Amino acid sequence: MKAYNNDLIAGGGINLVDVKIRRFHPGKDQHPYYSWFRVESAANQTVLDILTVILQEHELSLSFRFSCRTGLCGSCGMIINDEEKLACQTLANTLGQEITLEPLKNYPLIKDLTVDLTTSYSKYKKIAPAFAKNHDGSISGISRYLKHFPCLHCGLCYSKCKVVAIQPSFLGPISLHQMYVLEDLGKNPFSNYRKQMATHEGGIFDCMSFGCCGAVCPQSINPMESIHHLQHKWKK
Ligand code: SF4
Ligand code: SF4
Ligand code: FES
């Protein structure tokens, strides 16, 4: 039985949706629980719009993260009806009468729908996201790199990766895709370091090729394909 956290009554012609949100404040709550809200959903309203209404009108203590609202900053990632998505890019009316919102997996939880993305950023730093300088002081390959690396660091693929879930040392789809793009720029002074990192435990040969990383990427990046390229380049 649903116990709503608000008392919105159905009006004529208004589409009402039930939103179920996983709540947990580590250090304060004993266990995770779900809060239910019944809210109006207009055409073209996104999940982020609905969350903002819930925050402003019904539940001030609700935590979630967003910034740009236009699919560019990558900060509003969450699990929406069992699938990793950006809340600002997901129309509520495509989700049916019931919407379940949960935080991304494989990241430490800060509160409710907000996770700490530091884990994947630290792994990203490990693969030496650095460039060589040309003789004239310009940075070699940077414009090509930016063109081919439209990653938002939203973490959707990282949350989806089943290997990260069971093996926290796995570098994961974001870093390994980036490693491929950096290597694809041509020979550079960090290549040997990256090869060492990629061919050890937690590297490219630990990917189990489930392919779920590319399936959720809002930028149509396919990290698995990039990992396969690196596996071919540095095959054992
Ligand atoms: S293909 Fe590899 S990196 Fe992508 S989700 Fe599967 S195991 Fe993770
Ligand atoms: S590869 Fe795609 S899903 Fe993964 S962090 Fe980058 S933009 Fe997000
Ligand atoms: S708020 Fe920036 S991507 Fe959704």
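Described in the following lines is the structure provided in the data block.

Parameters at a glance
- Residues numbered from 1 in each chain as written.
- Chains lettered and ligands numbered in written order.
- Predicted model: local features only at pLDDT ≥ 70, side-chain atom pairs only at ≥ 80, totals over all residues.
- Heavy atoms only, no water.
- Helix = DSSP H or I, 4+ residues; strand = E, 2+ residues; numbered from the N terminus.
- Expected span 1.5 Å × (residues − 1).
- Buried < 20%, exposed > 50% of the residue type's maximum accessible area, 1.4 Å probe, protein only.
- Pairing = 2+ DSSP bridges.
- Axes fitted to C-alpha atoms, helices over the stretch in contact; angles between N-to-C directions.
- Phe/Tyr/Trp six-rings, centres within 6.5 Å; stacked < 30°, edge-to-face > 60°.
- Near = heavy atom within 4 Å.
- Nonpolar A, V, L, I, M, F, W, Y, C, P; charged D, E, K, R; others polar.
- Parallel < 35°, antiparallel > 145°, perpendicular 65-115°, else oblique.
- Left-handed = near helix turned anticlockwise from the far one by under 90°.
- Contact = heavy atoms within 4.5 Å.
- Salt bridge = Lys/Arg side-chain N within 4 Å of Asp/Glu carboxyl O.

The subject of this paragraph is helix α6 (residues 172–184). Counted at 1.5 Å a residue, the expected span for α6 with its 13 residues is 18 Å, and the 18 Å between its end C-alpha atoms agrees. Of all 13 residues in α6, eleven are buried; the element is thus mostly enclosed. Residues of α6 that are buried include every one of G172, P173, I174, S175, L176, H177, Q178, M179, V181, L182 and E183, and no others. Among the residues trailing α6, G186 stands out with phi positive, at a value near 120°.

Moving on, we come to the sheet that holds strand β3 (residues 77–80). Sheet architecture is open: five strands sit in the order β2-β1-β5-β3-β4, paired in mixed fashion. One side of each edge strand has no neighbouring strand; the edge strands of this open sheet are β2 (33–40) and β4 (83–86). The average undirected angle you get between the axes of adjacent strands in this sheet is 35°.

This brings us to the packing of aromatic side chains. What the rule picks out here adds up to three aromatic pairs. Ring geometry for F64 versus F66: centroids 5.8 Å apart, planes at 25°, classification stacked. Note on Y121 and Y124: the rings are 6.5 Å apart at their centroids and 75° apart in plane angle, and the pair reads as edge-to-face. Residue Y121 and its partner Y124 are both found in helix α2 (residues 118–126); the two are separated by three residues, about one turn of the helix.

With respect to spatial proximity, the complete set of residues near ligand 1 consists of C161, V163, F170, P173, C207, M208, S209, F210, G211, C213, M224 and I227. Tallied by class, residues from the shell around ligand 1 come to ten nonpolar, two polar and no charged.

Before going further, it helps to examine the packing of α6 against helix α9 (residues 223–233). Viewed as axis vectors pointing N to C, α6 and α9 meet at an angle of 55°, and their least axial separation amounts to 8 Å. Taken together, the axes of α6 and α9 are oblique relative to one another. For the element pair α6 and α9, the recorded crossing hand is left-handed. Residues P173, L176, H177, M179, Y180 and E183 of α6 pack against P223, S226, I227, H229, L230 and K233 of α9. Tallied by class, residues from the contact of α6 with α9 come to seven nonpolar, three polar and two charged.

Turning our eyes to something else, we now look at the pattern of salt bridges. Summed over all chains, the structure comprises seven salt bridges. A salt bridge links D18 to R38; the shortest N-O distance between them is 2.8 Å. Separated by 20 residues along the polypeptide, D18 in strand β1 (residues 16–23) and R38 in strand β2 bring together distant segments of the chain. Taking relative accessible area as the criterion, D18 reaches 6% and is therefore assigned buried. The partner of R194 in a salt bridge is E183, and the shortest N-O contact between them spans 2.9 Å. One end of the pair, R194, is in helix α7 (residues 191–199); the other, E183, is in helix α6, with eleven residues separating them in the sequence. Like E183, R194 is buried. Residues joined in a network through salt bridges with shared partners are R23, E59 and D112.

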